[in-house]
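A structural walkthrough
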Amino acid sequence: MIRLAAINGDWCTSLAIIQEMHKCNLQVDHMQYNIALATCVSHGKLEEACEVLATMEAGGGVADVISYNTIMK
């Protein structure tokens, strides 16, 4: 679903899906986070992307090189 939201350019839905996964105690992996990050960045939502990155870092360090490169671009 996150990938579909990304294809449609719907960064808001990408973030909502991740938040819902957290509420349901579902594990969000680095690929799901990175898709949401890329969607935010590609639509100029840097502040939201940085919040996602902070969540990734706080949630056990699932941020990877792709995550940081996405934010830097």
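Before reading further, recall that the structure is shown in the block above.
Here goes a summary of the coordinates provided. (Residues numbered from 1 in each chain as written. Predicted model: local features only at pLDDT ≥ 70, side-chain atom pairs only at ≥ 80, totals over all residues. Heavy atoms only, no water.)

Here's the deal with helix α4 (residues 46–58)
- Between its first and last C-alpha atoms α4 spans 18 Å; for 13 residues at 1.5 Å apiece the expected length is 18 Å, and the two agree.
- Along α4, the positions that sit buried rather than exposed are A49, V52, L53 and M56. Taken around the axis of α4, the buried residues stretch over an arc of 100°, which confines them to a single face. Of the exposed residues in α4, those oriented more than 90 degrees away from the buried face are E47 and A58.
- On the buried face of α4, the contacting elements are α2 (11–23), α3 (30–42) and α5 (65–72). (Helix = DSSP H or I, 4+ residues; strand = E, 2+ residues; numbered from the N terminus. Expected span 1.5 Å × (residues − 1). Buried < 20%, exposed > 50% of the residue type's maximum accessible area, 1.4 Å probe, protein only. Arc of directions from axis to C-beta. Contact = heavy atoms within 4.5 Å.)

Observations concerning α5
- Here α5 has its buried residues at S67, T70 and I71. Relative to the axis of α5, the buried residues are bounded by an arc of 95° and lie together on one face. Exposed side of α5, more than 90 degrees from the buried face: V65, I66 and M72 are the residues found there.
- On its buried side, α5 packs onto α3 and α4.

Quick notes on the packing of α4 against α5
- Where α4 meets α5, the closest approach of the two axes is 10 Å, and the angle between their N-to-C directions is 160°. Of the possible angle classes, the one that applies to α4 and α5 is roughly antiparallel. Crossing angle aside, the handedness with which α4 passes α5 is left-handed. Residue-level contacts link L46, A49, C50, L53, M56 and E57 of α4 to S67, Y68 and I71 of α5. (Axes fitted to C-alpha atoms, helices over the stretch in contact; angles between N-to-C directions. Parallel < 35°, antiparallel > 145°, perpendicular 65-115°, else oblique. Left-handed = near helix turned anticlockwise from the far one by under 90°.)

Quick word on the environment of L53
- Tracing the backbone through its elements, the reader meets L53 in helix α4.
- Exposure remark for L53: the relative accessible area of 9% places this residue in the buried category.
- Taking the C-alpha atoms as reference points, L53 and A63, separated by 10 residues in sequence, lie 6.9 Å from one another.
- The residues contacting L53, other than those within four sequence positions of it, are L37, A63, S67, Y68 and I71.

Remarks on the nonpolar core
- Formed by 18 residues in total, the largest nonpolar core has its most connected members in L37 and M56.
- Within the residue set of this core, elements represented by two or more residues are α2, α3 and α4.
- Take this core: its biggest share by element is six residues, from α3. (Core = buried A, V, L, I, M, F, W, Y, C linked by side-chain atoms within 4.5 Å.)

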